[in-house]
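# Commentary on secondary and tertiary structure
Spelled out, the chains give:
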Amino acid sequence: MSEEQATAASGGIDVLLHTERTFPPPPEFAARANASDPGIYERAAADPEAWWGSWAEKLDWIEPFDEILDWSNPPFARWFTGGRLNVSANCLDRHVAAGAGDRVAYFWEGEDGTRKEITYGWLLERTQRAANALRSLGIGKGDVVGIFMPMVPEAAVAMLACTRIGAIHNVVFGGFSAASVVERMEVSGAKALITADATLRRGKPTPMKAAIDAAIGGLDSLEHVIVVDRAGTDPPMTAGRDHRWEELIGAADPVCEPEPMDAEDPLYILYTSGSTAKPKGIQHTTAGYLTGITATHKLVFDLKDDDVYWCAADIGWVTGHSYIVYAPLANGATSVMYEGAPNYPAEDRWWEIAERYGVTILYTAPTAIRACMKWGDEHVDKHDLSKLRLLGSVGEPINPRAWLWYHERVGGGRCPIVDTWWQTETGAIMITPLPGLTTTKPGSATIPFPGIEAKILDDEGNEIAEGGGNLVLTRPWPAMARTLYKEPERFVETYWKRFGPETYQVGDAARVDEDGYFWIVGRTDDVINVSGHRLSTMEVESALVSHPNVAEAAVIGVADEDTGQAIFAFVTPAGGASGDGALEADLRDHVAAKIGKLARPKRMAFADDLPKTRSGKIMRRLLRDIAAGRELGDVSTLRDPEVVKDLKRQLSA
Ligand code: WT7
């Protein structure tokens, strides 16, 4: 893929405005960094299995493993075979047993200002009770349990309780629609769903249980719905199916032995968007995942005992799974968990929280950094952020302007920034600086983590030593997704076909520079990255065409200074509807109901026809040119040039 194509694939986003400045690790940081020996890169590359094995050995095993890696049947890797362990025991029991029962796991802050100190001891007790409660409902090893929750400690407890008994959780981000919850429960055959009465959104309880109640009624496999009381809204309860969390937990036995899980037993599935309308159930397993996330968390975030770590993501995304719940707990960290919006009740809410708890490590997304930047420096300056020592970024390429602002304004010019590239599929961070070792360049995620090998390939599969192309990972890693839930062929087809079964096709275009630094450009598939959230163009298109007044729809990602990319929908109305503001508003609501508010198109254009090839294929490339106001590329295959003229007229009006 050429750079031009890559830029087109990313919606024309011009995020990589260059700065020549580079940032070596501050000497005082480097002097006491967890990773301070540059030799680890070479040693890990020479013997990656020994490297990962050394991290696996730091876990608490019920039964030690026999073999580090079995890669005899690529792309289906097996790590730490023969070993048995339990994730909740690694996250909780071992710390409590070591006397850290009173250590704070989460400083939790509700949007309404409620504050709780959640200790490891409390989490262990609640997790065991919740595990027994699930068991009492007939849920056990291998059963799928849906979780649709706000950012409350019970969400972590629910996940940990599943791992305690070997149930596979399937978390759906709290901002998704009822229809999305139903789809994900249905395709995974979930037996139970844990949810809350409501979530607080800018001070108002927004129903969760009541919102999904009618829709989940038709699910055959779903036997139980467990409702956490977050906002006291008393939702309708269906006798026999619905249970109150507090009642179940209260009645449950407080002791539950952890289920010894095979290293390769599934830990969770997490649905994410791909190139088709049907989301993919990314499946992670037990030991490899825990190894990958604990290693990266310890080295990338330079985690120390006295740190107060804050990953400001949502548990509904992989970032929350790996770096709010599992890695911080397994590493015995003290974290901040915040429930609400960054600008509620005021634009300094985040900085107030960071000051209150003395946050030392902050991990967030470029879109949030850009929002804070826009709200103004004064909100940051009002607060004492002098405890901060490390900043992280994830989810999309960070534009150098936001990087520099983050570095100066938030980090006071003294904190290294780790721009971490990874995916739901990779489970753990893959390309990233190590803050005590790597000189950073704003906008680049820098170099692969020790033990990881990344390359840029051209479309024929030849390696490009310096330049742009398809990003691939060429060695198995412990936290890699093992398959797509119940769709192993689709797993092979999507990731391991194009360049062979030992080369993981990432789906991102990237460029590697003269220093071997990687610069992620954007997706090469039909995936749009809105505020670091992944959406497929097909998903949004099929939501649009399910509306009676839509004949046809084509969706593209366009550059957006706030959200990185934004959704632009081209729609041909049907049923005598006219493409006006009313229809546009209606369609936005419709998409929100079908997928979730995050999928609402930001811009829309209506046309009697869309630009197509003579064989009837929509030419998205031209739509991208039109949306960006660019000269049109090759139009020789275009069936009806009038269509394009009409659209161009509309958008320039
Ligand atoms: C896609 C993965 C990984 C957790 C959040 C998103 C993009 C992610 C970066 C980064 C440039 C990034 C890629 C990737 N992405 N991190 N640091 N720089 N791009 O997880 O929903 O699985 O999305 O997000 O395009 O493929 P996800």
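Residues numbered from 1 in each chain as written. Predicted model: local features only at pLDDT ≥ 70, side-chain atom pairs only at ≥ 80, totals over all residues. Heavy atoms only, no water.

## So, the overall build of the chain
Counting its secondary structure elements, the chain contains 21 helices and 31 strands. Over its C-alpha atoms the chain spans a radius of gyration of 24 Å, differing by no more than 12% from the 26 Å that the globule rule assigns to 653 residues. For the C-alpha atoms alone, the extent of the chain along its principal axes is close to 75 × 60 × 55 Å. Evaluated residue by residue, the chain yields a buried proportion of 63% over its 653 residues. Counting only contacts in the chain whose residues sit at least 6 apart along the sequence, the fraction spanning at least 24 positions is 71%. As presented, the chain carries roughly 23,600 Å² of accessible surface, and 49% of it is formed by carbon and sulfur atoms. Across the chain, 66 positive and 93 negative side-chain charges occur, with their mean positions spaced 2 Å apart. (Helix = DSSP H or I, 4+ residues; strand = E, 2+ residues; numbered from the N terminus. Rg over C-alpha atoms; globule rule 2.2 N^0.38 Å. Buried < 20%, exposed > 50% of the residue type's maximum accessible area, 1.4 Å probe, protein only. Contact = heavy atoms within 4.5 Å. Areas by Shrake-Rupley, 256 points an atom, 1.4 Å probe, with all protein chains shown as cover. Lys, Arg positive; Asp, Glu negative; His and termini not counted. Charge placed at Lys NZ, Arg CZ, Asp CG, Glu CD.)

## Structural notes on the nonpolar core
Ranked by internal contacts, the top residues of the largest apolar core, which has 162 residues, are Tyr-106, Ile-194, Phe-301, Tyr-323, Tyr-326 and Leu-471. Considering each element in turn, this core owes the most residues, nine residues, to helix α7 (residues 153-165). Beyond its immediate sequence surroundings of up to four residues, Ile-194 is in contact with Leu-134, Val-145, Gly-146, Ile-147, Phe-148, Met-149, Ala-158, Ile-226, Val-228 and Trp-245. Counting residues in hydrophobic clusters, the runner-up holds 30 residues, among them Ala-354, Val-380, Ala-402 and Trp-403. (Core = buried A, V, L, I, M, F, W, Y, C linked by side-chain atoms within 4.5 Å.)

## Brief notes about helix α8 (residues 178-188)
Taken residue by residue, α8 has Ser-180, Val-181, Val-182, Arg-184, Met-185 and Ser-188 as its buried positions. The inward-facing, buried residues of α8 abut β7 (144-148), β8 (168-171), β9 (192-196), α9 (209-216), β15 (266-272) and α19 (581-594). Of the residues trailing α8, Gly-189 is marked for its positive phi of about 60°.

## Some points on the pattern of salt bridges
Summed over the entire model, instances satisfying the criterion amount to 49 salt bridges. Among the salt bridges present, the one from Arg-490 reaches Glu-487, with a minimum N-O distance of 3.0 Å. As far as the burial class goes, Arg-490 and Glu-487 line up, both buried. As a salt-bridge pair, Arg-523 and Asp-508 come within 3.6 Å of each other at their nearest N and O atoms. Here Arg-523 is found in strand β26 (residues 518-523), whereas its partner Asp-508 is found in strand β25 (residues 504-512), with 15 residues between them in sequence. Accessibility assignment for this pair places Arg-523 and Asp-508 in one class, buried. Connected through salt bridges with shared partners, the residues Glu-109, Arg-115, Arg-349, Glu-352 and Arg-356 form a single ionic network. (Salt bridge = Lys/Arg side-chain N within 4 Å of Asp/Glu carboxyl O.)

## Description of the site of the ligand
In the vicinity of the ligand, 17 residues are found, and the nearest of them are Asp-419, Thr-420, Thr-424, Arg-523 and Arg-534. Between the ligand and Pro-397, the relevant distance is 3.5 Å, taken from a nitrogen atom to a main-chain nitrogen or oxygen of the residue. Measuring from an oxygen atom of the ligand, one finds a side-chain N or O atom of Asp-508 at 2.9 Å. For the ligand, whose accessible area on its own is 550 Å², the fraction buried by protein is 95%. Listing elements by their share of the shell around the ligand, those giving two or more residues are α12 (318-330), β21 (417-420) and β26. In the shell around the ligand, the residues fall into six nonpolar, six polar and five charged. (Near = heavy atom within 4 Å. Polar contact = N/O pair within 3.5 Å; in protein donor to acceptor, adjacent residues only side chain to side chain. Nonpolar A, V, L, I, M, F, W, Y, C, P; charged D, E, K, R; others polar.)

## Some thoughts on helix α6 (residues 120-136)
Across its 17 residues, α6 extends 24 Å between first and last C-alpha, which sits within 8% of the 24 Å expected from 1.5 Å per residue. Summarising burial for α6: twelve of the 17 residues are buried, a large majority. Within α6 the residues assigned to the buried category are Tyr-120, Leu-123, Leu-124, Arg-126, Thr-127, Gln-128, Arg-129, Ala-130, Ala-131, Asn-132, Ala-133 and Leu-134. Phi for Gly-138, located one or two positions after α6, is positive at around 90°. (Expected span 1.5 Å × (residues − 1).)

## Overview of the pairing of strand β11 (residues 204-207)
Inspection of the sheet shows strand β10 (residues 198-201) paired to β11 by four bridges, in the antiparallel sense. Across the sheet, residue Leu-200 finds its bridge partner in β11, namely Pro-205. Here β10 folds back onto β11, and the loop between the two strands holds two residues, one of which, Arg-202, carries a positive phi near 50°. (Pairing = 2+ DSSP bridges.)

## Overview of the packing of aromatic side chains
Going through the model one piece at a time under the given rule, you end up with 31 aromatic pairs. Geometrically, the ring pair formed by Phe-173 and Phe-176 is edge-to-face, given 5.9 Å between the ring centres and 85° between the ring planes. You can call Phe-176 buried: its relative accessible area is 9%. Between Trp-310 and Trp-350, the aromatic rings sit 5.5 Å apart at their centres with planes inclined by 65°, giving edge-to-face as the arrangement. (Phe/Tyr/Trp six-rings, centres within 6.5 Å; stacked < 30°, edge-to-face > 60°.)

## Comments concerning the sheet that holds strand β4 (residues 84-85)
Picture the strands of a sheet paired through backbone hydrogen bonds; they go either parallel or antiparallel. If you trace the three strands from one edge of the open sheet to the other, you get β1-β4-β14, paired in antiparallel fashion. Both edges of this open sheet fall to β1 (61-63) and β14 (261-262), since each of them pairs with a single strand only.

## Points about the side chain of Lys-612
Residue placement: Lys-612 occurs in the loop between β31 (603-606) and α20 (620-628). Side chain to side chain, Lys-612 and Glu-552 meet in a polar contact 2.9 Å long. Not counting the four nearest positions on each side in its chain, Lys-612 is found in contact with Glu-552, Lys-617, Ile-618, Met-619, Thr-637, Leu-638 and Arg-639.

## Section: the packing of helix α5 (residues 87-100) against α7
The N-to-C vectors of α5 and α7 enclose an angle of 115°; their axes lie 7 Å apart at closest approach. Touching Val-87, Ser-88, Ala-89, Cys-91, Leu-92 and Asp-93 of α5 are Leu-160, Thr-163 and Arg-164, all from α7. Each residue belonging to the contact of α5 with α7 can be placed in one class, and the counts come to five nonpolar, two polar and two charged. (Axes fitted to C-alpha atoms, helices over the stretch in contact; angles between N-to-C directions.)

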